[in-house]
Amino acid sequence: MKIEFLYPDFYLYGEEAVPEFLKKTIPEAEIIFDNIGEEPRFVSEKPDFIYMGGMSEKNRDRSIDALMPYKDKLNELISSGVHGLFTSTSLDCLGTKITGDNYEKKALGLFPFHSVEKLMKRYHGLFVGKYDSITIIGFKSQFTEGFADTSDFPYFIKTDRGIGLNKGADFEGVKRNNFFATYSLGPFIIQNPSFTKKILSEANGKEVVIPFEKLAFENYERRIKEFYDPKKDL
């Protein structure tokens, strides 16, 4: 199995632990780190799983510029069913554009949404919802909100509590085939063992065992109860 990390030197918000987590989950996997300024490995070799984590807004924009020449290839991989996950600010890379005060940045245009950035209004919060029958929890800290450009939007999570893609939406993230993206922070892949076990097992072609699996599921179930508690402020 080939796991490709896009621009890991930029990762923030706990994302630095994700490569090590995936190494321990699938020890036999080939781990690929793409550096900014290099041609991504996915251009010449088909990965089984692509990951890009949260980063500063400046490095998010640098990542868009770096990936722009390869957006058609990335779109082809997503359409072909390659598994992947983008988290936090990397979600913004996938839309049509990012706008803000006296600012507009063209994004990769792989999904029908745009992002609005308000650098004086960072949102912090939690959310809980469903992807198919899987309960998903998330932690957010973001300057941007996403806005769908179509009524038939390919969202990832139907939110039950907390904000969605934006404060007025009851859905969160984007999904196409086996590719997912969410505004949730990097611990997402560690804090959602049901989803992580499913997506990695599919990408690997056989079931995986995540590190400290019993404890991970115990903590996950505890957080689900907390997040659904109407007394808890999300």
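Notes on the structure follow.

Rules of the game
- Residues numbered from 1 in each chain as written.
- Predicted model: local features only at pLDDT ≥ 70, side-chain atom pairs only at ≥ 80, totals over all residues.
- Heavy atoms only, no water.
- Buried < 20%, exposed > 50% of the residue type's maximum accessible area, 1.4 Å probe, protein only.
- Helix = DSSP H or I, 4+ residues; strand = E, 2+ residues; numbered from the N terminus.
- Pairing = 2+ DSSP bridges.
- Polar contact = N/O pair within 3.5 Å; in protein donor to acceptor, adjacent residues only side chain to side chain.
- Contact = heavy atoms within 4.5 Å.

As for the pairing of strand β8 (residues 123–131)
Consideration 1: With respect to burial, β8 is a largely interior element, seven of its nine residues being buried.
Consideration 2: Counting the residues between successive antiparallel strands, the hairpin from β8 to strand β9 (residues 134–142) contains two residues, one of them, Asp132, with a positive phi of roughly 55°.
Consideration 3: Where β8 meets strand β11 (residues 157–161), three bridges bridge the pair, whose relative direction is antiparallel. When the bridges of β11 are listed, Gly129 appears paired with Thr159.

Things to note about unusual backbone geometry
Consideration 1: Positive phi is not limited to glycine here, since Tyr13 has a value of about 60°.
Consideration 2: Topologically, Tyr13 is positioned in the loop between β1 (2–6) and α1 (17–25).
Consideration 3: Residue Asn102 is not a glycine yet carries a positive backbone phi of 55°.
Consideration 4: The topology assignment puts Asn102 in the loop between β5 (97–100) and β6 (103–106).

Considering the side chain of Ser141
Consideration 1: Here Ser141 shows up in strand β9.
Consideration 2: Within the local environment of Ser141, its side chain forms a polar contact with the side chain of Arg122, the two groups lying 3.1 Å apart.
Consideration 3: A distance of 3.0 Å separates polar atoms of two side chains, one belonging to Ser141 and the other to His124.
Consideration 4: Ser141 has contacts with Arg122, Tyr123, His124 and Leu185, leaving out every residue within four places of it along the chain.

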